[in-house]
Amino acid sequence: MSRHRDVRAFDADEMVDEFEGDYYEEEEDEMSPEDKVAMANGTAAVRSALGTEANKVTTDQIQEALWHYYYDVDKAVTYLMKTFIAPPPKPAPKKAPEGPRVSHSWLFHDMPWLNVPKDRQTVFIEPPRPRGGLLGGGEGAPKMSKLQALAAARKRKNEEKKEQDKALQAETGISKLSIGDSKENQKPTFGLAKRQKANETPTQESSPQLSMSASQAAQQQTVQSDIPDGRAGSPTQTAAPSAFAQTLFGSAPKTSMAHRPNVYAMPYTSSSSFFAQAFAEPSPDDVVLAAQAKAGKKATVAPKPSKKQQKEKTTTKEQEVTNDMSTLQVSDAPPPKSKGLDVLKEFEKSSNKRSISFVVVGHVDAGKSTLMGRLLLELKYVEKHTIDRYRKQAEKSGKQSFALAWVMDQRSEERERGVTIDIATNHFETERTSFTILDAPGHRDFVPNMIAGASQADVAIVVIDADTGAYEKGLKGQTREHILLLRSLGVQRLIIGVNKLDTIGWKEARFIEIVEYIGGFLSGLGFQSKNVAFVPISGLNGDNLVKRTENEAASWYTGPTLIEALEDSEPSSARALKKPFRMAISEVFRSQLGTTTIAGRIDSGSVQVGDLVLVQPSGEEAYIKSIMVDSDVQDWAVAGQSVSIALTDIDPIHIRVGDIICPKSNPINCSDTFTLKAMAFAHLMPMPVDLHRGRLHSAGQIQSITATLDKASGTIIKKKPRVVQPGGVARVVVRLANKVPLEQGQRVVIRSGGETIAAGLLE
């Protein structure tokens, strides 16, 4: 029997049922019947919009533009006008002049100044050279003035005097190396040496000379004995021994002289720059530090006393004061004081409104941002003049219908491209509830950002485009993946907003078709029908958002509006108030005053001002300076609330998006190897993957597959399988490249190659 089984062969209990994989078997190049109908209608609409200019473009160009812009006629017409019909003129390149240059000297052949006689022509004579030569150098040496000669003579005299002083200092230093000049060790001289000493002139006696030892005198006597008698009487001039020779052949210094700090039996003492007491006084740095200490400033560098100063105990009183001041540690501002509140009791006593966060998901161009912008406008949280300003700005860029979407899409890149890129957050309140909007991107390139938004949500609004062909295309694209991710991340409450029904005349048959198809798909994924609500809406016109539509064509709908469906929603899971404090960082703000503010949703536990927390995985400590819940400043916050927390006593470099804030007394562990119980959406095998948990994103690899499990009971079906089929449940070991803060019970998503391949719980 072949081991290759058909992926679509599932029984009735399979999670995806007949919806799994049917939509990806079609070839991308072949258009579906719905696409063909939409393409034909779009082509006719584009030609009618172009009018007389339609003959300048081909049908292929029109269909290519419609396919690229998802059958958006306005965008396709704008693209065709700018690209093919009326493209902007290109600047003409500058051409170099051609042909040879023409001389016009013949025009001046009869000019009178061209026939000047030679006797009247000027003869240029070379100017005389200045005395002393040119400034930049001449052929010979310039003649010096009296003042220059006097300055040169004075300079030469000073140099000769310096040379004589250096010679005297060298001779004086070398004389200290000899011990023979002491009277105790001086031996009597004989022969020629005695006569030389007697014949020394007063000038020679006054000049410093290095005395010779007994061995040198004997050598000189031996040499002198070979001289003839006629020459013996005249004194012989001999050179003094060098410092190197005296060091080699001279006797050792006296014991009493060896320990003197100003006597060194080394040649460098002959240098004019040598000074034995150079380090006996405080250094310039010590003087500056002492002055700073007196002025009350904190010394930045602690002076380290030398060994000589320690032995001789010559440290001055100023240096002692400097050392004492430099060792002081002046701490920064004291940490904020905690009030020691019982947060759970305070939460029970408080009359605050309940907090619910909902994420808005759906296929690209389904109208999610426009829907939220219209909802905020209907609730008076956005002023009408703001929308008018956005509309004027959008008209300049050719995006008239994006004015409401710009309420949520604030980034310039999002407005230029016309798509949501990152999670857009906003707040509004009703009589009973404080809502937090998490507008997620619909493009497949930004699914990780959608995961970050869905991980913070209690409720989800799935926006479906009811237009012809758009609903089917979305279900094959990101609508299906978004619903799978919502189920994997634990979001149970869904509100299906069937948008753009006004474009098809509020057809009830179309609404019922979508409800039946999506309802069956959700039931196959495990969603309960009581937690799913379908609302026909128009995000552009505001129908059935806050007030019911007045259009008679939509009178068949008698259910709740979108805001009423949100009011009837409850969080899908109970708040983990008694568990340790855990908060995932979604955003980091750094103010100019040095305060670091983090934003996110508290997953579990509670926190109050003054608490000492730990940032994982960096392990850095910080104190909570202030807490802001939605837009109100409070002393505490609990699980389920979206907060902004100001931290102190921490360097912002240690805080990153995706990190976990936890108490120091009960920190979350960091590891790089995790075991999870995962449901496969595609074939699973040992392969490189990316692990997502909220804003946390880490690359890794599936190290091994321990076993495949039964969906209902969790019992082991097969140990160590090579591959897990789509729809199967398995225990998987994932090893990441870096250590990340994760713990048991958290939900994670596994992606590979831009596709979601599995999701599950950490064990």
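Reading guide: rules and limits
- Residues numbered from 1 in each chain as written.
- Predicted model: local features only at pLDDT ≥ 70, side-chain atom pairs only at ≥ 80, totals over all residues.
- Heavy atoms only, no water.
- Helix = DSSP H or I, 4+ residues; strand = E, 2+ residues; numbered from the N terminus.
- Buried < 20%, exposed > 50% of the residue type's maximum accessible area, 1.4 Å probe, protein only.
- Contact = heavy atoms within 4.5 Å.
- Axes fitted to C-alpha atoms, helices over the stretch in contact; angles between N-to-C directions.
- Parallel < 35°, antiparallel > 145°, perpendicular 65-115°, else oblique.
- Left-handed = near helix turned anticlockwise from the far one by under 90°.
- Nonpolar A, V, L, I, M, F, W, Y, C, P; charged D, E, K, R; others polar.
- Pairing = 2+ DSSP bridges.
- Expected span 1.5 Å × (residues − 1).
- Phe/Tyr/Trp six-rings, centres within 6.5 Å; stacked < 30°, edge-to-face > 60°.
- Salt bridge = Lys/Arg side-chain N within 4 Å of Asp/Glu carboxyl O.
- Polar contact = N/O pair within 3.5 Å; in protein donor to acceptor, adjacent residues only side chain to side chain.
- Core = buried A, V, L, I, M, F, W, Y, C linked by side-chain atoms within 4.5 Å.

1. Considerations on the overall build of the chain
Part 1: Helices and strands together make up the secondary structure of the chain, namely 22 helices and 22 strands.
Part 2: Burial analysis of the chain (763 residues in total) assigns 37% to the buried set.
Part 3: The contacts of the chain with a sequence gap of at least 6 include a subset with a gap of at least 24, amounting to 70%.

2. Section: the packing of helix H1 (residues 33-50) against helix H2 (residues 59-68)
Part 1: Between H1 and H2, whose axes approach to 10 Å, the crossing angle comes to 115 degrees. Overall, the two elements H1 and H2 adopt an arrangement that is roughly perpendicular. Seen from above, H1 lies across H2 with right-handed handedness. Contact residues: Asp35, Met39, Gly42, Thr43, Val46 and Arg47 in H1; Thr59, Ile62, Gln63, Leu66 and Trp67 in H2.
Part 2: Split into classes, the residues belonging to the contact of H1 with H2 amount to five nonpolar, four polar and two charged.

3. Structural notes on the packing of H1 against helix H3 (residues 73-85)
Part 1: It is the contact of H1 with H3, at a shortest axis distance of 10 Å, that shows an interaxial angle of 55 degrees. Looking at the two axes, H1 sits oblique to H3. For the pair H1 and H3, the crossing hand works out as right-handed. Across from Ala45, Val46, Ala49 and Leu50 in H1, the residues of H3 making contact are Val73, Ala76, Val77, Leu80, Met81 and Ile85.
Part 2: A breakdown of the residues in the contact of H1 with H3 according to their chemical character gives 10 nonpolar, no polar and no charged.

4. Points about the side chain of Asn544
Part 1: Mapped onto the secondary structure, Asn544 falls in the loop between strand E6 (532-536) and helix H22 (562-567).
Part 2: Relative accessible area serves as the criterion here: at 2%, Asn544 is assigned to the buried category.
Part 3: Setting aside chain neighbours within four positions, we find Asn544 in contact with Trp506, Val535, Pro536, Ile537, Thr549, Tyr557, Thr561 and Leu562.

5. Thoughts on the sheet that holds strand E5 (residues 493-499)
Part 1: The strand order E2-E3-E1-E4-E5-E6 describes an open sheet built from six strands, whose pairing is mixed. Sheet topology places strand E2 (424-429) and E6 at the edges, where each strand pairs with a single neighbour. Strand after strand, the sheet turns through a mean of 25 degrees between neighbouring axes, direction not considered.
Part 2: Of the strand pairs in this sheet, E5 and E6 are connected by five bridges, and their pairing is parallel. Within the sheet, the bridge partner assigned to Ile496 lies in E6 and is Phe534.

6. Some words on helix H21 (residues 508-525)
Part 1: If you check H21, its first and last C-alpha atoms are 26 Å apart, about what 18 residues at 1.5 Å a residue would give, namely 26 Å.
Part 2: If you follow the buried residues of H21, they end up packed against strand E4 (459-465), helix H19 (470-476), helix H20 (478-488), E5 and E6.
Part 3: In the segment just after H21, Gly526 is the residue with positive phi, at about 105 degrees.

7. Quick word on the packing of aromatic side chains
Part 1: Applying the stated rule across the entire model yields 11 aromatic pairs.
Part 2: Measuring from ring centre to ring centre gives 6.4 Å for Tyr381 and Phe428, while their planes differ by 65 degrees; the resulting arrangement is edge-to-face. Of this pair, Tyr381 sits in the loop between helix H15 (368-378) and helix H16 (384-396) while Phe428 sits in strand E2, and the two are 47 residues apart along the sequence.
Part 3: Assessed through its relative accessible area of 1%, Phe428 is described here as buried.
Part 4: With 6.3 Å between their ring centres and 75 degrees between their planes, Phe511 and Tyr557 make a pair best called edge-to-face. Separated by 46 residues along the polypeptide, Phe511 in helix H21 and Tyr557 in the loop between E6 and H22 bring together distant segments of the chain.
Part 5: Residue classification places Phe511 among the buried residues on the basis of a relative accessible area of 9%.

8. Focus on the pairing of strand E1 (residues 354-362)
Part 1: Within E1, eight of the nine residues are buried, leaving the element largely enclosed by the surrounding structure.
Part 2: Two strands pair when backbone bridges link them, and E1 and strand E3 (residues 433-439) are joined in this way by seven bridges, in the parallel orientation. Counterpart to Ser355 in the pairing with E3 is Ser434.
Part 3: Examined bridge by bridge, E1 and E4 share five bridges and lie parallel to one another. Across the sheet, the residue bridging to Phe358 is Val459, located in E4.

9. Quick word on the pairing of strand E19 (residues 716-719)
Here is the key point about a regular strand: its side chains alternate between the two faces of the sheet.
Part 1: Pairing between strand E18 (residues 696-709) and E19: three bridges, direction antiparallel. Residue pairing in the sheet places Thr708 in a bridge with Lys718 of E19.
Part 2: From the end of E18 to the start of E19, which pair antiparallel, there are six residues, and Gly714 there has a positive phi angle of about 80 degrees.

10. A few points about the pattern of salt bridges
Part 1: If you walk through the whole model with that rule in mind, you get 18 salt bridges.
Part 2: Among the salt bridges present, the one from Asp342 reaches Lys345, with a minimum N-O distance of 4.0 Å.
Part 3: Note that Arg374 and Glu378 form a salt bridge whose closest N and O atoms lie 3.1 Å from each other. Of the two residues, Arg374 and Glu378 are both situated in helix H15; the distance of four residues between them amounts to about one turn of the helix.
Part 4: Each member of the salt-bridge network shares a partner with another, and the members are Arg354, Arg432 and Glu567.

11. Observations regarding H20
Part 1: The buried fraction of H20 amounts to 10 of the 11 residues, a majority that puts the element mostly inside the structure.
Part 2: Turning to H20, its buried residues are Gln478, Thr479, Arg480, Glu481, His482, Ile483, Leu484, Leu485, Leu486 and Ser488.
Part 3: Looking one or two residues beyond H20, the residue adopting positive phi is Gly490, at roughly 90 degrees.

12. Focus: the side chain of Ser604
Part 1: Assignment of secondary structure puts Ser604 in strand E8 (residues 596-604).
Part 2: A relative accessible area of 8% means that Ser604 is categorised as buried.
Part 3: Reaching out from Ser604, the side chain makes a polar contact with the backbone oxygen of Pro580 at a distance of 2.8 Å.
Part 4: For Ser604, the contacting residues outside a window of four places in its chain are Ala576, Lys579, Pro580, Phe581, Arg582 and Ala639.

13. Section: unusual backbone geometry
Part 1: Cis geometry marks the peptide bond from Gln616 to Pro617; its omega dihedral reads 15 degrees.
Part 2: For Pro617, the position within the fold is in the loop between strand E10 (612-616) and strand E11 (620-629).
Part 3: Phi angles above zero are rare outside glycine, and Tyr71 is one such case at about 60 degrees.
Part 4: When you line up the elements, Tyr71 lands in the loop between H2 and H3.
Part 5: One non-glycine residue, Lys380, lies in the positive phi region at around 65 degrees.
Part 6: You can see Lys380 is positioned in the loop between H15 and H16.
Part 7: Residue classification places Lys380 among the exposed residues on the basis of a relative accessible area of 70%.

14. Some words on the nonpolar core
Part 1: Counting residues in hydrophobic clusters, the biggest one holds 41 residues, and the most contacted among them are Val359, Val462, Leu486, Leu494, Ile496, Ile518 and Leu522.
Part 2: Mapped by element, the contributors of at least two residues to this core are E1, helix H18 (447-454), E4, H19, H20, E5, H21 and E6.
Part 3: Here this core gets six residues from one element, more than from any other, and that element is H21.
Part 4: Every residue in contact with Leu522, bar those within four places of it in the chain, is listed here: Ile483, Leu494, Ile496, Phe527 and Val532.

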